[in-house]
Amino acid sequence: MKSLLQRWRAGREARVVARRAIPDTLWHATLAGLPFLARRHEADQAELRRLASLFLDRKEFTGANGLVVDDAMAVCIAAQAVLPVLRVGLAPYDGFVGIVVQPDEVVARREVLDDHGLVHAYDEVLAGEAMEGGPVMLSWRDVAEAGTSADWGYNVVIHEFAHVLDMGDGMADGVPPLPSAEARRQWLAVLMPAWDRLGEQVACGYDTLLDPYGAQGPEEFFAVACETFFVQPNELRAEHPALYGLLARYFQQDPAGFTGG
Ligand SMILES: [Zn+2]
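Only a predicted model underlies this, so the values are computations on that prediction, with no experimental measurement involved.

**With respect to the packing of helix 2 (residues 24–32) against helix 5 (residues 71–81)**
In the contact formed by helix 2 and helix 5, the axes pass within 10 Å of each other and the chain directions differ by 55 degrees. Between helix 2 and helix 5, the angle is such that the two are oblique. For the crossing formed where helix 2 meets helix 5, the hand is right-handed. Contact residues: helix 2 offers Leu 26, Trp 27 and Thr 30, while helix 5 offers Asp 71, Ala 72, Val 75, Cys 76 and Ala 79. Class assignment for the residues of the contact of helix 2 with helix 5 results in six nonpolar, one polar and one charged.

Here is the structure:
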């Protein structure tokens, strides 16, 4: 039996979902453009739609550099952002409110300190960025191409929201909050060798299923692995069964099985 608090929460959420209902035509058009959502079971799609309504209610979208974020754009982002938290709800996203949508990729000036104490400046081109407690930035051009870029395992929304999950414990280290030290040990036992292997393959110039960008560090490896897990699950399961299993347990989803379970 549900507690009073659970029933109160469920009632409040139901009112928000009713107020923020995504119109049928818009929802179906959104799914039609995103094959990795279109092929999910009906029950999953209904839950995605419910969570997307709650997401739209809790987050603030801001268009940058003259971009106007319309309903279709916001729904497209929301529908993808809630996919990783389909089984657990939106609580892992409570640490931030703002989503800044840029028309295109942005160039960020970076500085690094080398071993000799010298500062090196360089430009980094970003399709998205997630900062702890700060807004999530997304390039609309990249979001809009999510339907076709799924063919090569690329998805900027899932990438950035994977970083948000990773940073849930305050550290961007490729390990999201886990229930125990043992769970963390098991996580690292799968993640780190897979990250090492990607680094070796990239260094050798091999074509890899996982985005070579993941070789940059465990936190980027986790983010690119999440992209592939959700948009090319069969390929990930075939090539990296242990990594697929780790993510399937963590997300409580089995997208390659098409079971939705
Ligand atoms: Zn990243």
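**Some remarks on the sheet that holds strand 2 (residues 98–102)**
Pairing in this open sheet of four strands is mixed, and the strands run 1-2-6-5 from one edge to the other. In the strand order of this sheet, the two ends are held by strand 1 (60–63) and strand 5 (128–130), each with one partner. Pairwise comparison of adjacent strand axes, ignoring direction, gives a mean angle of 20 degrees for this sheet. Where strand 5 lies against strand 6 (residues 136–139), three bridges are found, and the strand directions are antiparallel. Considered in strand 6, the bridge of Gly 128 is made with Leu 138.

Conventions adopted
Residues numbered from 1 in each chain as written. Predicted model: local features only at pLDDT ≥ 70, side-chain atom pairs only at ≥ 80, totals over all residues. Heavy atoms only, no water. Axes fitted to C-alpha atoms, helices over the stretch in contact; angles between N-to-C directions. Helix = DSSP H or I, 4+ residues; strand = E, 2+ residues; numbered from the N terminus. Parallel < 35°, antiparallel > 145°, perpendicular 65-115°, else oblique. Left-handed = near helix turned anticlockwise from the far one by under 90°. Contact = heavy atoms within 4.5 Å. Nonpolar A, V, L, I, M, F, W, Y, C, P; charged D, E, K, R; others polar. Pairing = 2+ DSSP bridges.

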